Amino acid sequence: MRITLAAAALTLAGLTFAGPAAMAQSEQDGSFNLTNRSGRTIERLYASPQRSRNWGENRLTGNGLANGADFAVRMPPTGGCRTDLRMVFEGGLTEEKRDVDTCFDRDVVIGTPARTGTLQRDASGKPVTPRGNPSFELVNDGNRQIREFFASPTTSDDWGEDRLGQDVVEPGDRLHIRLPNGPCQYDLRVVWSNGRSDERRDVNLCEMNEVSFK
């Protein structure tokens, strides 16, 4: 009984010690500065603590945030470090960034959003893209499971379906992604097991045999 009580005391002591640290992290101010380098105006911006159930109000006023401009985003004083972002660009394009550690990265830069029409164009304005076989090996070089994967032509208006279906890609594993012969330029998006996503845009898949995320 004495051993059991001693072990319980040590366990409780450990919980007591870890509790304040976890509490302090969750109560930090995640305010940050956002810079728009997307090449187009951000018309609406939403930022909320990851644990929040809604996006809240649009934080931009007037004509939005022009390309090259920055904006100070003030988060709740005890909202925590993990922040979800949603940007609506001119033309209705929407991008989301989930689980951004805005305590670590106080300067968040928004790059070129998907579907921006930045591809090369011919004299008539029609996009010109290389064609071939865009199929490739998806490699998980991270330490988390890849739960979802999306690949869509850069000229498409949406991500389409999750190409993993019921499959997942474990850390260190790879999976062949079969895509139809045709356009080579694709936008790619992975969703990790913790809900965080990573994206790559305007990738020429015909020039590579594998693509890794980590």
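The structure under discussion appears in the preceding block.
For clarity, every value in this text was computed on a predicted model and none was experimentally measured.

Undergrad: What exactly am I supposed to notice about the pairing of strand 12 (residues 185–192) here?
TA: As a general feature of sheets, a regular strand has side chains that alternate between the two faces. Buried residues dominate strand 12, accounting for eight of its eight residues. A two-sided burial pattern is seen for strand 12, the buried positions comprising Gln 185, Asp 187, Arg 189 and Val 191 on one face and Tyr 186, Leu 188, Val 190 and Trp 192 on the other. As paired elements, strand 9 (residues 146–153) and strand 12 share seven bridges and run antiparallel to each other. Counterpart to Ser 152 in the pairing with strand 12 is Asp 187. Two successive antiparallel strands, strand 12 and strand 13 (residues 197–204), enclose a turn made up of four residues, where Gly 195 displays a positive phi of approximately 95 degrees.

Undergrad: I would appreciate a short explanation of the sheet that holds strand 1 (residues 32–36) in the present structure.
TA: Neighbouring strands of a sheet are bound in pairs by backbone hydrogen bonds; such pairs are parallel or else antiparallel. Pairing is mixed across the open sheet formed by three strands, whose spatial order is 3-1-6. The open sheet is flanked by strand 3 (70–73) and strand 6 (107–110), the only strands paired with a single partner. When the angles between neighbouring strand axes are averaged without regard to direction, this sheet yields 25 degrees. One ladder, built from four bridges, connects strand 1 with strand 3; its direction is antiparallel. If you follow Asn 33 over to strand 3, its bridge partner there is Ala 72.

Undergrad: How do you make sense of the pattern of salt bridges when you look at a structure like this?
TA: Proximity of charged atoms lets side chains of opposite charge pair with each other. A complete count under the given rule lists seven salt bridges for this structure. For the salt bridge of Arg 74 with Asp 29, the shortest nitrogen-to-oxygen distance reads 3.0 Å. With Arg 74 in the loop between strand 3 and strand 4 (82–89) and Asp 29 in the loop between helix 1 (2–26) and strand 1, this residue pair connects regions lying 45 residues apart in the sequence. We note a salt bridge from Glu 199 to Arg 201, for which the minimum N-O separation is 2.2 Å.

Undergrad: Sorry if this is basic, but what is going on with the nonpolar core here?
TA: Buried together is how nonpolar side chains tend to be arranged in soluble globular proteins. Counting residues in hydrophobic clusters, the biggest one holds 17 residues, and the most contacted among them are Phe 136, Leu 138, Phe 149, Leu 188, Leu 205 and Phe 213. When residues of this core are traced back to their parent elements, those giving at least two are strand 8 (136–140), strand 9, strand 12 and strand 14 (210–213). With four residues, strand 12 is the single largest residue contributor to this core. Contact partners of Phe 149, with chain neighbours within four places excluded, come to Phe 136, Leu 138, Glu 161, Asp 162, Arg 163, Leu 164, Ile 177, Leu 188, Arg 189, Val 190 and Phe 213.

Undergrad: What should I look at first to understand the state of the cysteines in this one?
TA: Here, the word disulfide means a covalent bond between the sulfur atoms of two cysteines. The tally for this structure, following the rule as stated, stands at two disulfides. The side chain of Cys 81 participates in a disulfide bridge whose partner is Cys 103; the two sulfur atoms lie 2.2 Å from each other. Linking Cys 81 and Cys 103, the disulfide has an S-S dihedral of approximately -90 degrees and is accordingly described as left-handed. Of this pair, Cys 81 sits in the loop between strand 3 and strand 4 while Cys 103 is found in the loop between strand 5 (94–101) and strand 6, placing the two residues 22 residues apart along the sequence. In this structure Cys 81 comes out as buried when scored by relative accessible area, which is 6%. Put simply, Cys 184 and Cys 206 are joined by a disulfide, and their sulfur atoms are 1.9 Å apart. An S-S torsion of about -90 degrees defines the bridge between Cys 184 and Cys 206 as left-handed. Placement of the pair is Cys 184 in the loop between strand 11 (182–183) and strand 12 and Cys 206 in the loop between strand 13 and strand 14, with a sequence separation of 22 residues. For the chain, numbering the cysteines in disulfides from first to last along the sequence yields the connectivity 1-2, 3-4.

So, how was this worked out
Residues numbered from 1 in each chain as written. Predicted model: local features only at pLDDT ≥ 70, side-chain atom pairs only at ≥ 80, totals over all residues. Heavy atoms only, no water. Buried < 20%, exposed > 50% of the residue type's maximum accessible area, 1.4 Å probe, protein only. Helix = DSSP H or I, 4+ residues; strand = E, 2+ residues; numbered from the N terminus. Pairing = 2+ DSSP bridges. Axes fitted to C-alpha atoms, helices over the stretch in contact; angles between N-to-C directions. Salt bridge = Lys/Arg side-chain N within 4 Å of Asp/Glu carboxyl O. Core = buried A, V, L, I, M, F, W, Y, C linked by side-chain atoms within 4.5 Å. Contact = heavy atoms within 4.5 Å. Disulfide = S-S within 2.5 Å.

The values reported here are purely geometric and, on their own, carry no functional implication.
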